[in-house]
Amino acid sequence: MRLRARPGLRSLVRETRLHPGAFVLPLFVVDGEDVRRPVSSMPGVEQLSVDQVVADARAAATAGVGGVLLFGVPDAKDAAGTAAWDAEGPVARALRALAREVPDLERWADVCLCEYTDHGHCGVLDAHAHIDLAATLPALARAAVTYAQAGATAVAPSDMLDGRVRVIRQALDGAGFPLLPIVSYAVKYASAFYGPFRDAAGSTPAFGDRRSHQMDPANTDEALREAELDLDEGADILLVKPAGAYLDVIWRVKERFGRPTAAYQVSGEYSMLKAAARAGWLDERRAALESLLAIRRAGADIVITYYAREAAAWLREEEARG
């Protein structure tokens, strides 16, 4: 108890610390200008036109947040997800604007077809409504190169399809981007916590689900195999998603590989905290910071969170109080 008696001592012996530079803020980019369209299931989160993405990214950078992760929500979708590699699509235009206006902020681009297909699945479908890897992997690689050319500082394939990291690495190298990192969703579970995200990204599957390629929540040994495969294919950062219900997996991935490890505090985790706070059931600030601290304590070097800006402000206030 002696080392917990005073705030100063507690700070001196604290083992895990939160800092805004470890946060990445997800942003949803839409077509148009001056658009701020609230996502009803995610209080405080909005779909944003490029000009508003720049405004929010600038505010995040000012707060000390380390980066942003862009998801595109185009006006037009088709069965092949061709808008994913449109050089004039919302994500590519946002990347160019951010590179110009907020150049020191990390600019990550999600690479998946689910936001761009009219059926909501993560790839091109064959005649039996199964994902066709032969058609999908080149499409993912093409999207990654488009984002690299637009100014992404990293690409983040989130589909969990076999072989996509290798194909993307080869495409980036061939296009003259051998130093562009891949943040691989190496361990992505078929989770119930993604619901609000699908409202924000317009990516709810028209039929079926994603359990054919996302992981069974019961498995952890498999997570290590998946992470190792992605490292072998050229991944630079390993990402675990979701975060809060999978702290043990974050720990195992970090302990086994010792590589830069990210974790995504997903939409359902965020929205549950928001809902409970609005109902007066918990102290949002304390609960949110505690949840982020737990993710860091489990081994995540980077935390992707919708709380990035709020948490950065709370941490600044705590620092100012000493």
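Structure: above.
Residues numbered from 1 in each chain as written. Predicted model: local features only at pLDDT ≥ 70, side-chain atom pairs only at ≥ 80, totals over all residues. Heavy atoms only, no water.

### Regarding the environment of lysine 188
Locating lysine 188 in the fold gives a position in strand β7 (residues 183-188). Sequence separation between lysine 188 and aspartate 216 is 28 residues; the distance between their C-alpha atoms is 9.0 Å. Those residues within four positions of lysine 188 in sequence are excluded, and the remaining contacts are Ser158, Met160, Tyr194, Gln214, Met215 and Lys241. Polar contacts involving the side chain of lysine 188 include one to the main-chain carbonyl oxygen of serine 158, which spans 2.8 Å. (Helix = DSSP H or I, 4+ residues; strand = E, 2+ residues; numbered from the N terminus. Contact = heavy atoms within 4.5 Å. Polar contact = N/O pair within 3.5 Å; in protein donor to acceptor, adjacent residues only side chain to side chain.)

### Quick word on the packing of aromatic side chains
Counted under the stated rule, the structure contains 10 aromatic pairs. Through successive ring pairs, a cluster of aromatic residues spans Phe28, Phe71, Tyr185, Phe197, Tyr264, Tyr270, Tyr306, Tyr307 and Trp314. Its guanidinium or amino end placed over the ring of phenylalanine 197, lysine 241 lies 5.2 Å from that ring's centre, counting from NZ or CZ. (Phe/Tyr/Trp six-rings, centres within 6.5 Å; stacked < 30°, edge-to-face > 60°. Lys NZ or Arg CZ within 6 Å of the ring centre and 35° of its normal.)

### A word on the nonpolar core
The biggest cluster of nonpolar side chains holds 110 residues, and the ones touching the most others in it are Leu70, Tyr147, Val187 and Tyr264. The dominant element in this core, judged by the number of residues it contributes, is helix α4 (residues 133-150), at 9 residues. Not counting the four nearest positions on each side in its chain, valine 187 is found in contact with Met160, Met215, Ala223, Ala227, Leu239, Val240, Lys241, Val249 and Val253. (Core = buried A, V, L, I, M, F, W, Y, C linked by side-chain atoms within 4.5 Å. Buried < 20%, exposed > 50% of the residue type's maximum accessible area, 1.4 Å probe, protein only.)

### Describing the pattern of salt bridges
Where side chains of opposite charge bring their charged atoms close, a pairing between them can arise. This structure, assessed with the given rule, holds 16 salt bridges. Residue arginine 164 is joined to aspartate 159 by a salt bridge in which the shortest nitrogen-to-oxygen separation is 3.5 Å. The same class applies to arginine 164 and to aspartate 159, which are both buried. Its salt-bridge partner being aspartate 230, residue arginine 164 comes within 3.0 Å of it at the nearest N-O pair. Of this pair, arginine 164 sits in helix α5 (residues 164-174) while aspartate 230 sits in helix α7 (residues 221-233), and the two are 66 residues apart along the sequence. Per residue, the accessibility class of arginine 164 equals that of aspartate 230, and both read buried. One salt-bridge network, held together by shared partners, links Arg36, Glu46, Asp56 and Arg309. (Salt bridge = Lys/Arg side-chain N within 4 Å of Asp/Glu carboxyl O.)

### With respect to the pairing of strand β4 (residues 67-73)
Burial within β4 is extensive, with 7 of its 7 residues counted as buried. Of the two faces of β4, both are covered, the one formed by Gly67, Leu69, Phe71 and Val73 as well as the one formed by Val68, Leu70 and Gly72. Sheet topology places strand β1 (residues 23-30) next to β4; 7 bridges connect them, and they run parallel. The residue of β4 that forms the bridge with phenylalanine 28 is phenylalanine 71. Pairing analysis gives 4 bridges linking β4 to strand β5 (residues 106-111), with the strands arranged parallel. Within β5, the position partnered with glycine 67 by the bridge is glutamate 106. With helix α3 (residues 90-101) bridging β4 and its parallel neighbour β5, the resulting β-α-β unit is right-handed. (Pairing = 2+ DSSP bridges. Right-handed = clockwise from strand over helix to strand, strands pointing away.)

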